[in-house]
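Coordinate analysis (summary)
Listed here are the chains, written in short residue letters.
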Amino acid sequence: MKDNKHYKMMTEAPVEPLVLKLAVPTVISMLVSSIYNMADTFFVSQLGTSASAAVGIVFSLMAIMQAIGFTIGMGSGILSSRLLGAGKQKEASITASSAIFMVVIFSTLLSIFGLIFCKPLMVFLGSTPTILPYALDYSSFILYACPFICTSFVFNNLLRNEGKAFYAMIGLTTGGVLNIILDPIFIFALNLGTRGAAMATALSQVISFFILLAMFVSKKSNLDLRLSYISKEIKTYLRILKTGLPSLSRQGLASIASMTLNVQAASFGDAAVAAMSISGRITFFLFSALLGLGQGFQPVAGYNYGAKKYSRVKRATLFTAFFGTIIIAILSILCFIFARPLVTTFRKEDIDVITIGVKALRFQTIALLLCGINVATNMSMQATGHIAGATYLALCRQGIYFLPFIIFLPAKLGILGVEIAQPLADVFTFITSLVFFIRLIKELGGKKDEVIL
């Protein structure tokens with residue numbers, strides 16, 4: 001074992017403090033990432049409603065990049081976590097090295113084809129004629145940085161799943177803070193407009209990439225990334241993709257859902273697209289705290305499942321569901337109360353944006369109260385190898401339930417149908433998750449802990 005002290009901490013330290021210890025840097029990373037996404041929306045919104053809407057359009061493209069990065073990153077991270085938990089350090093390093101190779105190939109292809117077909121892609125993602133020029137300016141620089149962005153997601157997930165969330169936090173938060181600083185400089189001081197916002201995002205992501213890479217080069221990680229470790233066996237890559245399938249479902253559907261939302265909102269005007277983009281960014285800020293807790297919990301589940309300490313996995317799952325519900329409840333109540341000033345901060349000149357955005361945000365915060373169980377169940381099932389169930393749950397929130405709502409409700413209810421589609425999907429996802437949660441807890445409770453010598 002390369003780091004016996006770290007292994008003992010992951011498999012023997014009290015569960016609740018361990019989850020919180022790993023969750024704090026992950027929550028900070030997620031919040032900072034969400035803040036710099038909101039910063040883009042805030043600063044670009046000062047350029048006009050159509051420019052603000054363009055951020056929402058390009059968010060669908062970012063979701064595609066996240067789908068690639070998180071699928072490969074979560075798949076390899078969870079596998080390496082289990083392998084480290086079972087004392088197989090070299091096998092874990094082979095998995096990690098192969099994942100980096102795979103993400104570089106996939107993201108480079110996305111970058112090339114995205115740049116070639118940028119205009120039709122932006123139209124496909126929901127751009128109106130007035131939004132399109134801003135979306136093209138914003139998306140081009142994001143596509144140039146695509147390989148760095150996607151690979152950073154993999155680096156982050158590898159570090160986080162081996163319990164080195166602090167090092168992952170350094171890379172992500174540095175890039176996020178830099179983005180916030182560069183946005184007003186590039187947009188206003190250098191008079192680059194929407195293109196400046198994209199340049200700031202791209203540059204900060206590249207710097208974040210090199211910081212995360214340095215964590216592996218300087219041996220902060222237990223994983224050795226080597227060219228000689230890149231697997232020549234197709235089953236290695238299939239295993240990574242299979243384990244990351246719930247993330248692909250979750251992130252891939254986020255892109256499809258965002259695109260469909262933009263298309264439906266566009267029929268009610270640029271103000272509706274801008275309003276849903278703003279309320280979506282605020283909602284994601286709240287949700288990111290919950291995701292951060294879940295991602296901090298996941299390496300605890302993976303390590304201990306690999307070490308066959310099932311009682312610790314069960315306890316960690318219960319704690320994450322309970323504590324996550326409390327956290328999201330507090331944040332949701334505050335957001336519901338201050339919904340109008342929050343939305344007004346982004347686009348105070350447009351009353352239509354404010355009216356639509358406030359209603360959408362308040363509907364969503366009510367539904368977020370139920371999401372603690374959703375996240376804990378999905379993360380635990382993925383970490384413990386319940387890939388089919390985890391994938392189904394990942395499909396629920398923004399696929400099985402959301403897509404029918406966002407496609408059919410606006411025709412019946414108008415803009416209200418756009419505003420309530422996601423909250424309704426969250427309610428139905430909670431009911432489904434509760435069934436899986438109860439089954440998982442019973443299953444873990446029925447397994448006996450084993451000691452690996």
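Residues numbered from 1 in each chain as written. Predicted model: local features only at pLDDT ≥ 70, side-chain atom pairs only at ≥ 80, totals over all residues. Heavy atoms only, no water.

Quick word on empty space enclosed by the protein
With the rule as written, the count across this model stands at two cavities of 30 Å³ or more. Considering only enclosed or pocket space, the second largest cavity measures out at about 50 Å³ in volume. What lines the second largest cavity is T26, S29, M30, N156, R160, A165, A168, M169, L172 and Q295. Take the lining of the second largest cavity: its biggest share by element is four residues, from helix α8 (residues 165–189). Its residues placed into classes, the lining of the second largest cavity shows five nonpolar, four polar and one charged. (1 Å grid on protein atoms, 1.4 Å probe; cavity = no way out; pocket = protein on both sides within 12 Å on 5 of 7 lines; lining within 4 Å. Points joined across faces, edges and corners; volume = space filled by probe spheres on them. Helix = DSSP H or I, 4+ residues; strand = E, 2+ residues; numbered from the N terminus. Nonpolar A, V, L, I, M, F, W, Y, C, P; charged D, E, K, R; others polar.)

Details of the side chain of S76
Looking at where S76 falls in the secondary structure, it is placed in helix α3 (residues 49–85). At 3.3 Å, the side chain of S76 and the backbone oxygen of G73 are in polar contact. (Polar contact = N/O pair within 3.5 Å; in protein donor to acceptor, adjacent residues only side chain to side chain.)

Looking at the packing of aromatic side chains
Each aromatic ring pair is characterised by the separation of its centres together with the angle its planes make. Taken as a whole and judged by the stated rule, the model has 17 aromatic pairs. Where F42 meets F43, the ring centres are 5.2 Å apart and the plane angle is 70 degrees; that geometry is what we call edge-to-face. The exposure class of F42 is partly exposed, given its relative accessible area of 28%. Ring plane angle 45 degrees and centroid distance 6.2 Å describe the contact between F148 and F210, whose orientation is recorded as tilted. One end of the pair, F148, is in helix α7 (residues 146–161); the other, F210, is in helix α9 (residues 193–217), with 62 residues separating them in the sequence. The class of F210 is partly exposed, set by a relative accessible area of 47%. The structure contains a cluster of three or more aromatic residues connected by ring pairs, namely F148, F155, F209, F210 and F216. Here the guanidinium or amino end of R397 rests over the ring plane of F287, the centre of that ring lying 4.6 Å away. (Phe/Tyr/Trp six-rings, centres within 6.5 Å; stacked < 30°, edge-to-face > 60°. Buried < 20%, exposed > 50% of the residue type's maximum accessible area, 1.4 Å probe, protein only. Lys NZ or Arg CZ within 6 Å of the ring centre and 35° of its normal.)

Topic: helix α12 (residues 270–306)
Between its first and last C-alpha atoms α12 spans 50 Å; for 37 residues at 1.5 Å apiece the expected length is 54 Å, and the two agree. The largest bend in α12 amounts to roughly 30 degrees and is located at F287. Burial of α12 is extensive: 34 of the 37 residues sit out of reach of the surface. Just beyond α12, the residue with positive phi is K308, at close to 60 degrees. (Expected span 1.5 Å × (residues − 1). Bend = angle between axes of the 7 residues up to and from the residue.)

Notes on the packing of α3 against helix α11 (residues 245–266)
Put simply, α3 and α11 touch, their axes get as near as 7 Å, and they point 175 degrees apart. As the angle between them shows, α3 and α11 are arranged roughly antiparallel. Contacts from G56, I57, F59, S60, A63, I64, Q66, A67, F70, T71 and M74 of α3 reach α11 at S247, L248, R250, Q251, G252, A254, S255, S258, M259 and N262. Grouping the constituent residues of the contact of α3 with α11 by class yields 10 nonpolar, 10 polar and one charged. (Axes fitted to C-alpha atoms, helices over the stretch in contact; angles between N-to-C directions. Parallel < 35°, antiparallel > 145°, perpendicular 65-115°, else oblique. Contact = heavy atoms within 4.5 Å.)

Observations regarding the nonpolar core
Core analysis: the largest hydrophobic core is formed by 127 residues, its most contacted members being V19, M65, I72, M122, I142, I282 and F402. With 18 residues, the single largest contributor to this core is α12. F402 has contacts with A257, L261, C396, R397, A421, Q422 and A425, leaving out every residue within four places of it along the chain. (Core = buried A, V, L, I, M, F, W, Y, C linked by side-chain atoms within 4.5 Å.)

A word on the pattern of salt bridges
For side chains of opposite charge, pairing can occur when their charged atoms come near one another. As enumerated under the stated definition, the model contains eight salt bridges in all. In the salt-bridge network here, residues are joined through shared partners; they are K219, D224 and R226. (Salt bridge = Lys/Arg side-chain N within 4 Å of Asp/Glu carboxyl O.)

Re a nonpolar patch on the surface
There is a patch of nonpolar side chains on the surface, built from F322, I326, I330, I333, L334, F336, I337, F338, L342, I366 and L369 and spanning about 1000 Å² of accessible area. Tallying contributions element by element places helix α13 (residues 310–337) first for the nonpolar patch, with seven residues. Position of L369 relative to the elements: it lies in the loop between α15 (351–368) and α16 (371–383). L369 sits in the partly exposed class, given a relative accessible area of 33%. (Patch = residues over 30% accessible without salt bridge, like charges linked within 9 Å, V, L, I, M, F, W, Y side chains within 5 Å. Areas by Shrake-Rupley, 256 points an atom, 1.4 Å probe, with all protein chains shown as cover.)

Section: the confidence of the model for the protein chain
Here the protein chain shows a mean pLDDT of 90. Residues at 70 or above account for 99%. Mean pLDDT per element in the protein chain: α11 is the minimum at 81, and helix α4 (residues 89–116) is the maximum at 96. (pLDDT = per-residue confidence, 0-100.)

Quick look at the environment of V154
Looking at where V154 falls in the secondary structure, it is placed in helix α7. Taking relative accessible area as the criterion, V154 reaches 0% and is therefore assigned buried. In this structure the C-alpha to C-alpha distance between V154 and Q66, which are 88 residues apart in sequence, comes to 9.7 Å.

Some remarks on the side chain of R281
For R281, the position within the fold is in helix α12. Leaving out residues up to four positions away in the same chain, R281 has contacts with S34, N37, M38, T41, V55 and F59.

Observations regarding the environment of V313
Within the element layout of this structure, V313 appears in helix α13. For the pair V313 and K119, spaced 194 residues apart in sequence, the C-alpha separation works out to 47 Å. Every residue in contact with V313, bar those within four places of it in the chain, is listed here: F297, A301, N304, Y305, S380, T384 and L444.

Quick word on the state of the cysteines
This structure, assessed with the given rule, holds zero disulfides. Here C150 stays free of any disulfide, with the sulfur of C146 as its closest cysteine sulfur at 3.9 Å. In this structure C371 is a free cysteine whose sulfur lies 12 Å from that of C396, the closest cysteine sulfur available. By relative accessible area, C371 is classed as buried at 1%. (Disulfide = S-S within 2.5 Å.)

Topic: the packing of α4 against helix α6 (residues 132–144)
As a packed pair, α4 and α6 sit with axes 9 Å apart at the nearest point and diverge in direction by 155 degrees. The orientation of α4 with respect to α6, classified from their angle, is roughly antiparallel. You can see that α4 and α6 cross each other, and the crossing is left-handed. Of the residues in α6, those in contact with L110, S111, G114 and L115 of α4 are S140, L143 and Y144. Tallied by class, residues from the contact of α4 with α6 come to four nonpolar, three polar and no charged. (Left-handed = near helix turned anticlockwise from the far one by under 90°.)

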